[in-house]
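Read off the chains here:
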Amino acid sequence: MLLTFNQVLFLILTVLSAVLVTFLIIFLIRLSRTAREAEKSFQELQIILHKMERIEDKLDRRLDDAGEIIDSTKKTFSGLSELSFFLTSKVIRPASKYWPILFPLIRLGWQFTKKRKEKKNV
């Protein structure tokens, strides 16, 4: 039995439509799986972003604390510099004329204390 031209075309179109529908169904199944995976990834990303925000808040608080520490350190060093200026200008410079006499006396006293400790230890 011979097929007519219309029957051959109908047969070809039927096979093509069946193949096309099969590929379309497979594509839609993969697309839905991909959408589910993307949704899971977005949920994980939201969790990670929330954790990053908490870390950022902690860092901001620590940086604020560090700023306060730096300010107090600056105040401490300025106080130390004022103290060292006072000591050098008011105490050490006026007393520097007595250093040539004072150093040998201090050395002599140090030697006596060392000798006493050696006698006690023996």
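Going by the structure above, here's the rest.
The present account deals with the structure reproduced in this document. (Residues numbered from 1 in each chain as written. Predicted model: local features only at pLDDT ≥ 70, side-chain atom pairs only at ≥ 80, totals over all residues. Heavy atoms only, no water.)

**Looking at the overall build of the protein chain**
Per the secondary structure count, the protein chain includes two helices and zero strands. In terms of C-alpha radius of gyration, the protein chain reaches 46 Å, well past the compact-globule figure of 14 Å for 122 residues. Over its C-alpha atoms, taken along the principal directions, the protein chain stretches across nearly 140 × 45 × 20 Å. With 122 residues in all, the protein chain has 0% of them scored as buried. Of the roughly 12200 Å² of accessible surface on the protein chain, a fraction of 68% belongs to carbon and sulfur atoms. (Helix = DSSP H or I, 4+ residues; strand = E, 2+ residues; numbered from the N terminus. Rg over C-alpha atoms; globule rule 2.2 N^0.38 Å. Buried < 20%, exposed > 50% of the residue type's maximum accessible area, 1.4 Å probe, protein only. Areas by Shrake-Rupley, 256 points an atom, 1.4 Å probe, with all protein chains shown as cover.)

**Quick word on helix α1 (residues 5–95)**
End to end, α1 covers 126 Å across 91 residues, agreeing with the expected 135 Å (1.5 Å per residue, within 8%). If you look at α1, its biggest bend is around 35 degrees, right at Thr88. (Expected span 1.5 Å × (residues − 1). Bend = angle between axes of the 7 residues up to and from the residue.)

**Notes on a positive patch on the surface**
On the surface, Lys51, Arg54, Lys58, Arg61 and Arg62 cluster together into a positively charged patch. With respect to the helices and strands, the residue Arg54 is situated in helix α1. What makes Arg54 partly exposed here is its relative accessible area of 47%. (Patch = residues over 30% accessible without salt bridge, like charges linked within 9 Å, V, L, I, M, F, W, Y side chains within 5 Å. Salt bridge = Lys/Arg side-chain N within 4 Å of Asp/Glu carboxyl O. Lys, Arg positive; Asp, Glu negative; His and termini not counted. Charge placed at Lys NZ, Arg CZ, Asp CG, Glu CD.)

**Comments concerning helix α2 (residues 99–121)**
Side chains of residues three or four places apart in an α-helix project in the same direction, reflecting 3.6 residues per turn. In this model α2 runs 33 Å from its N-terminal to its C-terminal C-alpha over 23 residues, within 8% of the 33 Å that 1.5 Å per residue would give. Little of α2 is tucked away: zero of the 23 residues are buried.

**Considerations on the pattern of salt bridges**
Under the definition given, this model contains one salt bridge. As a salt-bridge pair, Lys40 and Glu37 come within 3.9 Å of each other at their nearest N and O atoms. On the criterion of helical spacing, the pair formed by Lys40 and Glu37 is a turn pair, its members being three residues apart in helix α1. By relative accessible area, which is 47% here, Lys40 ends up partly exposed.

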